[in-house]
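Notes for the structure review
Given next are the chains, with one letter for each unit.
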Amino acid sequence: MHKILTIVGARPQFIKAAAISHAMRNLQAEIAEDILHTGQHYDDAMSARFFRELDIPQPRYNLGVGSGSHGAQTALMLSGIEEVLLKEHYDGLLVYGDTNSTLAGALAAAKLHVPVFHVEAGLRSFNREMPEEVNRVLTDHTSSLLFAPTETAVRNLKNEGFNEERIVFCGDVMLDNVRHYAPLAKVCESISQPYILATVHRDFNTDNQERLKNILAALCNIAEEYKCSMLFPVHPRTKQRLESMTDIHLSDRIKAVAPMSYLETLAALQGAKLVMTDSGGLQKEAFFSGRCCVVLRPETEWEEIVDCGAAMLADANQQKIAYAVGRLWEHTPCEPTQFGDGHAAEKIIENILSYR
Ligand code: UD1
């Protein structure tokens, strides 16, 4: 019996963990999972709701770390995870993506010689100013198995000199999820058609007033020009920043709502004319749902979506955003063939079980 410790902490990780936890439950005799929640995300709307909705097993450990500076947050997670790893024997530690929780888990395990399995390995924005890029690079370099969701990710790892035996092209667990949960999507907001689904939460967009103002102005102008609504679920970080800015006036066409659940997000995607976001996860979910996406960043880790014409990089630049909306408004994206076959979770578990 393989005993695995899964580290989660932030919203996108609960969603990815759902795919693998469900696949593990089908193999109960061979693999057992304990979940450790760092507590990086702690509001019901950002955390507990995803466990209920996606039927993820309750965490055995919750470190309750909460918010803080990167160093303080990561340090608390590191010592908390180390304590658990010293107390119990695990055959491996599973981490997802690029958050501070990912890095803390990988570092704690690598130092104790517990094999690290990284899901979503090999992604690169090549922008070291993003905390997520630092987290990805360091996590990959402490990992025993690197589960790459795309061929681009495989190539990035090879270019960095990783031993090819450690790299597994498995496809994307988020495609597994969209395929599985799309029929269960749940409409929560009544909104007039047509509408754009928009989100902003990256620190370089929220913590720079000029960038945030540019993005909000672009959302308002586009809503007016296209006579469309804008469904705008607001991340807690963005909400804090908006509350401190007194000179912001949003158009009546913009419907700012609380963060949505996963099934609500899928329904919002299915009904949307277009998506505008700086989230990596939502870019892919848009593509998997047959929607085009304007990326509110200067670069992306998911370049295959841009290469096939389903997304455009527009940064926080009002002209670029307007141009991209014009180009993508009536465009139908291609099929998402670059992200595996929707069975990434099974492949990941097979490889973990055969890892020696
Ligand atoms: C983190 C990840 C990012 C991921 C994102 C998904 C890092 C470096 N970044 O960014 O890769 O895309 O999660 O959302 O790990 N807050 C609340 N309630 C919560 C959670 C957060 O109020 O439940 C507030 C806190 O005040 C916090 C701020 O939001 O300071 C930002 O949270 P944080 O965990 O620092 O990072 P995210 O921006 O969510």
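On a predicted model such as this, the values are computed, not experimentally measured, just so you know.

About the thresholds
- Residues numbered from 1 in each chain as written.
- Predicted model: local features only at pLDDT ≥ 70, side-chain atom pairs only at ≥ 80, totals over all residues.
- Heavy atoms only, no water.
- 1 Å grid on protein atoms, 1.4 Å probe; cavity = no way out; pocket = protein on both sides within 12 Å on 5 of 7 lines; lining within 4 Å.
- Points joined across faces, edges and corners; volume = space filled by probe spheres on them.
- Helix = DSSP H or I, 4+ residues; strand = E, 2+ residues; numbered from the N terminus.
- Nonpolar A, V, L, I, M, F, W, Y, C, P; charged D, E, K, R; others polar.
- Near = heavy atom within 4 Å.
- Polar contact = N/O pair within 3.5 Å; in protein donor to acceptor, adjacent residues only side chain to side chain.
- Areas by Shrake-Rupley, 256 points an atom, 1.4 Å probe, with all protein chains shown as cover.
- Pairing = 2+ DSSP bridges.
- Axes fitted to C-alpha atoms, helices over the stretch in contact; angles between N-to-C directions.
- Contact = heavy atoms within 4.5 Å.
- Core = buried A, V, L, I, M, F, W, Y, C linked by side-chain atoms within 4.5 Å.
- Buried < 20%, exposed > 50% of the residue type's maximum accessible area, 1.4 Å probe, protein only.
- Right-handed = clockwise from strand over helix to strand, strands pointing away.
- Salt bridge = Lys/Arg side-chain N within 4 Å of Asp/Glu carboxyl O.

A word on the layout of surface pockets
- The computed volume of the second largest pocket comes to approximately 220 Å³.
- Contributing to the lining of the second largest pocket are 13 residues, with Ala19, His22, Asp176, His180 and Glu346 lying nearest its centre.
- Counting residues per element, the ones that place at least two in the lining of the second largest pocket are α1 (11–25), α7 (173–181) and α15 (344–353).
- Its residues assigned to classes, the lining of the second largest pocket shows four nonpolar, six polar and three charged.

Quick notes on the site of the ligand
- Lining the immediate surroundings of the ligand are 22 residues, of which Gln40, His41, Asp43, Asn100 and Gln240 lie closest.
- Contacts to the ligand include Asn100, whose backbone N or O atom sits 2.9 Å from an oxygen atom.
- Residue Glu132 places a side-chain N or O atom 3.1 Å away from an oxygen atom belonging to the ligand.
- Out of a free accessible area of 740 Å², the ligand has 90% covered by protein chains.
- Looking at the shell around the ligand, the elements with two or more residues in it are α1, α3 (70–87), α5 (131–141) and α10 (236–243).
- It is α10 that contributes the most residues to the shell around the ligand, three residues altogether.
- Partitioning the shell around the ligand into residue classes produces five nonpolar, 11 polar and six charged.

Re the sheet that holds strand β12 (residues 293–295)
- Reading across from one edge, β10-β9-β8-β11-β12-β13 is the order of the six strands in this open sheet, with parallel pairing throughout. On the outer flanks of this sheet lie β10 (254–257) and β13 (311–313), each paired with one strand and no other. Adjacent strand axes in the sheet meet at a mean angle of 20° when their direction is disregarded.
- Where strand β9 (residues 229–233) meets β10, four bridges bridge the pair, whose relative direction is parallel. Within the sheet, the bridge partner assigned to Phe232 lies in β10 and is Ala256.
- In this fold helix α12 (residues 280–288) packs onto β8 (195–199), β11 (274–277) and β12, with an angle of close to 170° to the strand it touches most, β11.

What about the nonpolar core?
- The biggest cluster of nonpolar side chains holds 68 residues, and the ones touching the most others in it are Ile20, Leu94, Phe147, Leu197 and Tyr262.
- Apart from the residues lying within four places of it in its own chain, the contact partners of Leu197 are Leu231, Pro233, Met260, Ala268, Leu269, Ala272, Leu274, Val275, Met276 and Leu282.

Side note on empty space enclosed by the protein
- One pass over the structure, following the stated rule, counts one cavity of 30 Å³ or more.
- As a volume, the largest cavity reaches approximately 30 Å³.
- In terms of lining residues, the largest cavity is bounded by Val119, Glu120, Phe147, Pro149, Cys170, Gly171, Asp172 and Val173.
- Of the residues that constitute the lining of the largest cavity, the class distribution is five nonpolar, one polar and two charged.

Re the pairing of strand β5 (residues 116–119)
- Residues of β5 alternate between two faces, with Val116 and His118 on one and Phe117 and Val119 on the opposite face, all of them buried.
- Across four bridges, strand β4 (residues 92–96) lies against β5 in parallel orientation. Of the residues in β5, the one forming a bridge with Tyr96 is Val119.
- As a crossover connection, the stretch from β4 through helix α4 (residues 100–111) into β5 is right-handed.
- Of the strand pairs in this sheet, β5 and strand β6 (residues 145–148) are connected by three bridges, and their pairing is parallel. Along β6, the bridge assignment pairs His118 with Leu146.
- Crossover handedness for the path β5 to α5 to β6: right-handed.

Some remarks on the environment of His141
- Mapped onto the elements, His141 comes out in helix α5.
- Residue classification places His141 among the partly exposed positions, given a relative accessible area of 46%.
- As for His141 and Leu231, which are separated by 90 residues in sequence, their C-alpha atoms are 39 Å apart.
- Not counting the four nearest positions on each side in its chain, His141 is found in contact with Glu160 and Phe162.
- A polar side-chain atom of His141 sits 3.2 Å from a polar atom in the side chain of Glu160.

Quick word on the pattern of salt bridges
- Tallying each qualifying case throughout the model produces 27 salt bridges.
- A salt bridge links Lys16 to Glu120; its shortest N-O distance comes to 3.1 Å. With a gap of 104 residues between them, Lys16 in helix α1 and Glu120 in the loop between β5 and α5 connect regions that are remote in the sequence. An identical accessibility class is assigned to Lys16 and Glu120; each is buried.
- Salt bridges here are not isolated pairs; linked through shared partners, they connect Asp98, Glu133, Arg136, Arg297, Glu299 and Glu301.

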